[in-house]
Amino acid sequence: MTQIKIVTDSSITIEPELVQDLGITIVPLSVMVDGKLYNDNDLKEGEFLSLMTSSKELPKTSQPPVGLFAETYDTLSKDGSDLISIHLSKSLSGTVEAARQGANLSEADVVVVDSNFTDQAMKFQVVEAAKMAKAGASRDEILEKITEIQAKTQLFIGVSTLENLVKGGRIGRVTGLLSSLLNIKVVMEMKNHELVPVVKGRGNKTFTKWLEEFKESLEGKEVAELGISYAGTSDFAKSLAEELQDMVRQKISVLETGSIIQTHTGENAWAILVRYV
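No experiment lies behind these values; they were computed from the predicted model shown.

**Examining the overall build of the protein chain**
Regarding its fold elements, the protein chain presents ten helices and 13 strands. Along the three orthogonal principal directions, the C-alpha set of the protein chain runs to about 55 × 50 × 30 Å. In the protein chain, which comprises 277 residues, the share counted as buried stands at 55%. Considering only residue pairs separated by 6 or more positions, the protein chain has 72% of its internal contacts joining residues 24 or more positions apart. Summed over all atoms, the accessible surface of the protein chain reaches about 13,100 Å², with 47% contributed by carbon and sulfur. Here the protein chain carries 29 positive and 39 negative side-chain charges, and the mean point of each set is 5 Å from the other.

Structure (structure tokens):
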């Protein structure tokens, strides 16, 4: 049976040990801060936030070059392996299209998948795909499971300012928000490649009120896994995990999101990523 290898991009938020244990290949996006280019995979925890807060202008993110995808695919397929390449939503980046172009240039047999998400919501798909590949599942079986996970996943993000979303040009994709309302707290859900506002307000009660409603929405539902990601300090993210842990069987992963997501969300943003059974 042909071996399947899993590729993704560095907008994923994932534990390094999972990447190593499951043989996942991560193609890095890059970020430019005050004229200096950084490889997203090379930035250590907390390093990017320090760079961003002290930068003169909003950092600029770049998708991986088409040639890098082609080279990666050719290298991974030298042993005859087929590839599944899973990437962040097309609404957030041109990465998935670059991956498709790279696949066309490559000699490898690659299926490129738009995860419809990013961060730990994309991790759910990537990790399950890698586990199935390691267990010897066929490519069709893995692709079917990815589609199933997508349909059972929700991504919620809370931001304390819309400034970065405005500067980064993402505000036009946030339905129903005015770019002039920068200093408001907003919780959004990602649906069909769009960030849709769920609640907005001017105080921390905006987040706590939404959390209570979210907890109520989980009652009676079976949660397969839940992750919490953050930009900035981890205190609020850890408090969210404490609030929600009793409602989830598995231990909640609390992880710092990468530079690509932090660039657009700004400091003190957080996300709750949930996958249902």
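**A closer look at the side chain of S55**
Tracing the backbone through its elements, the reader meets S55 in the loop between helix 2 (47-54) and strand 5 (60-62). Since its relative accessible area comes to 15%, S55 is described here as buried. Reaching out from S55, the side chain makes a polar contact with the backbone oxygen of M52 at a distance of 2.7 Å. Dropping the residues within four chain positions of it, S55 is found in contact with V33 and D34.

**As for unusual backbone geometry**
Although it is not a glycine, N116 sits at a positive phi angle of roughly 70°. You can see N116 is positioned in the loop between strand 7 (110-114) and helix 5 (119-134). Given the relative accessible area of 23%, N116 is considered partly exposed. For N268, which is not glycine, the phi dihedral falls at a positive 65°. Within the secondary structure, N268 is located in the loop between helix 10 (259-265) and strand 13 (270-276).

**So, the pairing of strand 8 (residues 153-159)**
The element strand 8 is extensively covered by neighbouring structure, given that seven of its seven residues are classed as buried. Here strand 8 shows no split at all, with T153, L155, I157 and V159 on one side and Q154, F156 and G158 on the other all buried. As defined by bridge partners, strand 8 adjoins strand 13 across six bridges and the pair is classed as antiparallel. By the bridge assignment for strand 13, F156 is matched with I272. Inspection of the sheet shows strand 8 paired to strand 9 (residues 185-191) by four bridges, in the antiparallel sense. Pairing of F156 across the sheet is with E189, part of strand 9.

**Thoughts on the packing of helix 8 (residues 205-218) against helix 9 (residues 235-244)**
Where helix 8 meets helix 9, the closest approach of the two axes is 11 Å, and the angle between their N-to-C directions is 30°. One element, helix 8, and the other, helix 9, form an angle in the roughly parallel class. Note that helix 8 runs across helix 9; the crossing there is right-handed. Side by side, helix 8 and helix 9 meet where F207, L211, E212, F214, K215 and L218 of the first sit next to F236, L240, E243 and L244 of the second. Residues belonging to the contact of helix 8 with helix 9 are distributed by class as follows: seven nonpolar, no polar and three charged.

**Focus: the layout of surface pockets**
Reported here for the largest pocket is a volume of approximately 650 Å³. Taken together, 27 residues form the lining of the largest pocket, with I14, P16, L43, E256 and G258 sitting closest to its centre. Going through the elements one at a time, helix 1 (16-22), helix 2, strand 12 (253-256) and helix 10 are the ones with two or more residues in the lining of the largest pocket. Residues of the lining of the largest pocket, tallied by class, amount to eleven nonpolar, nine polar and seven charged.

**Looking at the nonpolar core**
Core analysis: the biggest nonpolar cluster contains 38 residues, and I6, I84, I86 and I142 have the highest contact counts within it. Counting residues per element, this core draws most heavily on helix 5, which supplies nine residues. When neighbours within four sequence positions are excluded, I6 is seen to be in contact with G23, I24, T25, I84, I86, V126, A129, A130 and A133. Grouped together as the second largest cluster of nonpolar side chains are 21 residues, F156, F207, W210 and A241 included.

**What to know about empty space enclosed by the protein**
Enumeration according to the criterion identifies one cavity of 30 Å³ or more in this entry. By volume, the largest cavity is sized at about 270 Å³. What lines the largest cavity is a set of 23 residues, among which L92, T118, I157, I261 and T265 lie closest to the centre. Only strand 8, strand 9, strand 11 (223-230), helix 10 and strand 13 provide two or more residues apiece to the lining of the largest cavity.

Reading guide: rules and limits
Position labels on residues start from 1 in each chain and follow its written sequence. Only residues with pLDDT of at least 70 are given local features in this predicted model, and only at 80 or more are side-chain atom pairs given and counted; all residues enter the totals for whole chains, interfaces and linings. Calculation of side-chain values draws on the structure's entire complement of heavy atoms; hydrogens and water are dropped beforehand. Only runs of H or I of at least four residues qualify as helices and only runs of E of at least two qualify as strands under DSSP, and these elements are numbered from the N terminus. Under the scheme applied here, a residue whose accessible area is under 20% of the maximum for its type counts as buried, over 50% as exposed, and between as partly exposed, the area being computed with a 1.4 Å probe on protein chains only. Residue contacts are counted whenever heavy atoms from the two residues lie within 4.5 Å of one another. All accessibility values rest on the Shrake-Rupley procedure with a 1.4 Å probe; residue burial counts only the protein chains present in the view. We score Asp and Glu as negative and Lys and Arg as positive, and we do not count His or the chain ends. A charge is said to be at NZ when it belongs to Lys, at CZ for Arg, at CG for Asp and at CD for Glu. N or O atoms within 3.5 Å of each other form a polar contact, as long as, within protein, one can give a hydrogen and the other can take it, and as long as residues adjacent in sequence are counted only when both atoms are side-chain atoms. Strands were regarded as paired on the criterion that DSSP finds at least two bridges between them. A fitted line through C-alpha atoms represents every axis, and for helices the fit uses only the stretch in contact; the resulting angles, taken between N-to-C directions, go from 0 to 180 degrees. Roughly parallel here means an angle under 35 degrees, roughly antiparallel means over 145, roughly perpendicular means 65 to 115, and every remaining angle is called oblique. Two helices cross in a left-handed way if the nearer one is turned anticlockwise from the farther one by less than a right angle. They cross in a right-handed way if the turn is clockwise. Note that Gly is not counted as nonpolar here; it falls among the polar residues with everything else outside the nonpolar set of Ala, Val, Leu, Ile, Met, Phe, Trp, Tyr, Cys and Pro and the charged set of Asp, Glu, Lys and Arg. Only protein atoms enter the calculation, which uses a 1 Å grid: trapped sets of points that fit a 1.4 Å probe without letting it out are cavities, open sets showing protein on both sides within 12 Å along at least five of seven lines are pockets, and any residue with an atom within 4 Å of a point is a lining residue. Grid points are joined across faces, edges and corners, and a volume is the space filled by probe spheres set on the points. The nonpolar core is taken to be a set of buried Ala, Val, Leu, Ile, Met, Phe, Trp, Tyr and Cys residues, with the residues joined through side-chain atoms within 4.5 Å.

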